[in-house]
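# Residue-level structural notes
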Amino acid sequence: MLEIDHIGYAVNNLEEAMGQLCLLGYSFGKAIKDEERKVLLAFGNYKGYQVELVAPAAGGSPVDNILKNTGPSPYHICYCSNDFDEDLKILCGGGYKVAVPPAPAAAFEGRKVVFLYALAVGLVEVVEK
């Protein structure tokens, strides 16, 4: 069974975005640099609601086009999976397409993450629990 983990937001400036969300009551952990994905990210919590802020760390970042085309905005929902391979098989059989293949992620202590796209719902992320 998949459980919602967080909503991912593309932002231009990680520190500025953290500051603005702190004014709304969010608290943030330490920023993480994901060299492989060329992003800086931070997780924030407010009353059990978790967000992930994702900012470009270098050219060629996966959020570059989002920021260019729509500006700072939410762009994915992340789900945790207790059975990553089985859930991936079910989702792909149900119309989701792999947008970014499964790979270890710095944000999740090296656990596997996959990004999937479905025309009806957009981009989702699934992380191995």
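Now for a look at the structure at hand. In this text, all values refer to a predicted model and were calculated from it rather than measured experimentally.

Given 3.6 residues to a turn, an α-helix orients residues that are three or four positions apart in the same direction. Within helix 3 (residues 84–93), burial applies to Phe-84, Asp-87, Leu-88 and Leu-91. Seen end-on, helix 3 carries its buried residues on one side only, within an arc spanning 100°. Those residues of helix 3 that are exposed and angled more than 90 degrees off the buried face are Asp-85, Lys-89 and Gly-93. Gly-95, located one to two residues past helix 3, shows a positive phi value of around 110°.

Time to look at the packing of aromatic side chains. What the rule picks out here adds up to four aromatic pairs. Ring plane angle 65° and centroid distance 6.4 Å describe the contact between Tyr-26 and Tyr-49, whose orientation is recorded as edge-to-face. Separated by 23 residues along the polypeptide, Tyr-26 in the loop between helix 1 (14–22) and strand 2 (27–28) and Tyr-49 in strand 5 (residues 49–56) bring together distant segments of the chain. Among the aromatic residues, ring-to-ring pairing joins Tyr-26, Phe-28, Tyr-46 and Tyr-49 into one connected group.

Turning next to helix 1. Among the residues of helix 1, Leu-14, Ala-17, Met-18 and Leu-21 are the ones counted as buried. One side of helix 1 holds all its buried residues, which, seen down the axis, span an arc of 100°. Tucked into the core, helix 1 has its buried residues touching strand 2, strand 4 (39–46) and strand 5. Among the residues of helix 1, the N-terminal cap falls to Asn-13, whose side-chain oxygen and the backbone nitrogen of Glu-15 are separated by 3.1 Å.

Mapped onto the fold, Ser-73 is located in strand 6 (residues 73–81). Side chain to side chain, Ser-73 and Thr-70 meet in a polar contact 3.4 Å long. In this structure, Ser-73 is in contact with Gly-8, Tyr-9, Ala-10 and Ile-66, ignoring residues within four places of it in sequence.

Next up on the list: unusual backbone geometry. For Lys-47, which is not a glycine, the phi torsion comes out positive at approximately 50°. If you trace the backbone, Lys-47 turns up in the loop between strand 4 and strand 5. You will see that Glu-109, though not glycine, has its phi angle at about 50°, which is positive. With respect to the secondary-structure elements, Glu-109 resides in the loop between strand 7 (97–104) and strand 8 (112–118).

So, on to the pattern of salt bridges. Throughout the structure, instances matching the rule amount to five salt bridges. A salt bridge links Asp-34 to Arg-37; the shortest N-O distance between them is 3.1 Å. Here Asp-34 matches Arg-37 in class, with each residue buried.

Moving on, we come to the environment of Leu-116. Locating Leu-116 in the fold gives a position in strand 8. Classification of Leu-116 as buried rests on a relative accessible area of 0%. In this structure, the C-alpha to C-alpha distance between Leu-116 and Ala-58, residues 58 residues apart in sequence, is 23 Å.

On to the pairing of strand 4. Looking down a regular strand, the side chains alternate between one sheet face and the other. In this sheet, strand 4 lies alongside strand 2 in antiparallel orientation, the contact comprising two bridges. Looking at strand 4, one finds that Ser-27 is bridged to Asn-45. In the sheet, strand 3 (residues 32–34) pairs with strand 4 via three bridges, with the strands oriented antiparallel. Bridging from a neighbouring strand, Lys-33 pairs with Leu-40 of strand 4. As consecutive antiparallel partners, strand 3 and strand 4 are separated by four residues, and within that stretch Lys-38 has a phi angle of approximately 60°, a positive value.

How each quantity is defined
Residues numbered from 1 in each chain as written. Predicted model: local features only at pLDDT ≥ 70, side-chain atom pairs only at ≥ 80, totals over all residues. Heavy atoms only, no water. Buried < 20%, exposed > 50% of the residue type's maximum accessible area, 1.4 Å probe, protein only. Helix = DSSP H or I, 4+ residues; strand = E, 2+ residues; numbered from the N terminus. Arc of directions from axis to C-beta. Phe/Tyr/Trp six-rings, centres within 6.5 Å; stacked < 30°, edge-to-face > 60°. Contact = heavy atoms within 4.5 Å. Polar contact = N/O pair within 3.5 Å; in protein donor to acceptor, adjacent residues only side chain to side chain. Salt bridge = Lys/Arg side-chain N within 4 Å of Asp/Glu carboxyl O. Pairing = 2+ DSSP bridges.

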